Amino acid sequence: MSEPTKTTASEPTTISVALLLLRVAAGAMMMVHGWSKATGYAEMSADFADPLGVGPATSLALAIFGELVCAALLVPGVLTRLAAIPYTFTMIVAGLVVHAGDPWGRKELAVLYLVCGLVLALAGPGRLSVDAWLAPRLKWGRLLLS
């Protein structure tokens, strides 16, 4: 069994705990939004916002992927940096495109989730994650944390 990567091994415990809390809180709360979209897909798919021009049903499916699937990966820290990309992109579209003309209170939550996604994409999952456990066991594992 190989040693953890230098970045992960030297990371202070407080940073790892903070990243764990951020992943679990932002991921779990976002999953609630994604779940409501997934369970209401049939009702919402015809008139869901289509800011990318791919059709309302496809836009809804992409939102569900970012808000449910990617958020679910963030909670345990699985492919964290990769999952944070569509998660963050979904919040960019929601907060800065769909709700661009709305008052701050209407887009505030999407912008907050966007910042959470950016932090996780930049900082990685921390030591208390599936990625950190897998990294030393995989040939390409350093990509998970670096």
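You'll find the structure just up there.
Residues numbered from 1 in each chain as written. Predicted model: local features only at pLDDT ≥ 70, side-chain atom pairs only at ≥ 80, totals over all residues. Heavy atoms only, no water.

Re the pattern of salt bridges
Keep this limit in mind: One side-chain nitrogen of Lys or Arg within 4 Å of one carboxyl oxygen of Asp or Glu is enough to make a salt bridge. For the purposes of this entry, the term helix denotes a DSSP run of H or I that reaches at least four residues, the term strand denotes a run of E that reaches at least two, and both are numbered from the N terminus. Only protein chains enter the calculation, and the probe is 1.4 Å; a residue is then buried if its accessible area is under 20% of its type maximum, exposed if over 50%, and partly exposed in between.
Applying the stated criterion across every chain, the model contains two salt bridges. Two residues, K37 and E67, come together in a salt bridge whose shortest N-O distance is 3.0 Å. Of the two residues, K37 is situated in helix α2 (residues 13–39) and E67 in helix α4 (residues 56–74); the sequence distance between them amounts to 30 residues. We note a salt bridge from R106 to D102, for which the minimum N-O separation is 3.9 Å. Classification of D102 by relative accessible area gives partly exposed; the value is 27%.

Looking at α4
Keep this limit in mind: A helix is expected to span 1.5 Å for every residue after the first. Fitting axes to the seven residues ending at a residue and to the seven starting there, one defines the bend at that residue as the angle between these axes. Pairs of residues are marked as contacts when any of their non-hydrogen atoms sit within 4.5 Å.
In this model α4 runs 26 Å from its N-terminal to its C-terminal C-alpha over 19 residues, within 8% of the 27 Å that 1.5 Å per residue would give. F65 marks the point of greatest bend in α4, at about 30°. All of the buried residues along α4 are S59, L60, A63, I64, G66, E67, L68, C70, A71 and L74. The inward-facing, buried residues of α4 abut α2, α3 (41–44), α5 (80–98) and α6 (104–123).

A short note on the side chain of T90
As a reminder of what qualifies: Whenever two N or O atoms come within 3.5 Å, that pair is a polar contact, provided that in protein one can donate a hydrogen and the other can accept it, and provided that, for residues adjacent in sequence, both atoms are side-chain atoms.
Mapping T90 onto the fold places it in helix α5. The exposure class assigned to T90 is buried, which follows from its relative accessible area of 12%. A polar contact of 2.7 Å, which involves the side chain of T90, links it to the backbone oxygen of P86. Leaving out residues up to four positions away in the same chain, T90 has contacts with L62, A63, G66 and E67.

As for the layout of surface pockets
Here is the rule we go by: Residues are called lining when one of their atoms sits within 4 Å of a cavity or pocket point, these points coming from a 1 Å grid over the protein atoms alone, where a cavity is a set in which a 1.4 Å probe fits but cannot get out and a pocket is an open set with protein on both sides within 12 Å along at least five of seven lines. Grid points are joined across faces, edges and corners, and a volume is the space filled by probe spheres set on the points. Gly counts as polar in this scheme, as do all residues outside two lists: the nonpolar Ala, Val, Leu, Ile, Met, Phe, Trp, Tyr, Cys and Pro, and the charged Asp, Glu, Lys and Arg.
One number sums up the size of the largest pocket: a volume of about 570 Å³. What lines the largest pocket is a set of 25 residues, among which K37, E67, T90, M91 and A94 lie closest to the centre. Where the lining of the largest pocket is concerned, the elements lending two or more residues are α2, α4, α5 and α6. Here the element with the most residues in the lining of the largest pocket is α5; it accounts for seven residues. Each residue belonging to the lining of the largest pocket can be placed in one class, and the counts come to 17 nonpolar, five polar and three charged.

Quick notes on α2
The first and last C-alpha atoms of α2 sit 38 Å apart over 27 residues, in line with the 39 Å expected at 1.5 Å per residue. Residues of α2 that are buried in the fold lie against α3, α4, α5 and α6.

Geometry only, nothing functional implied.
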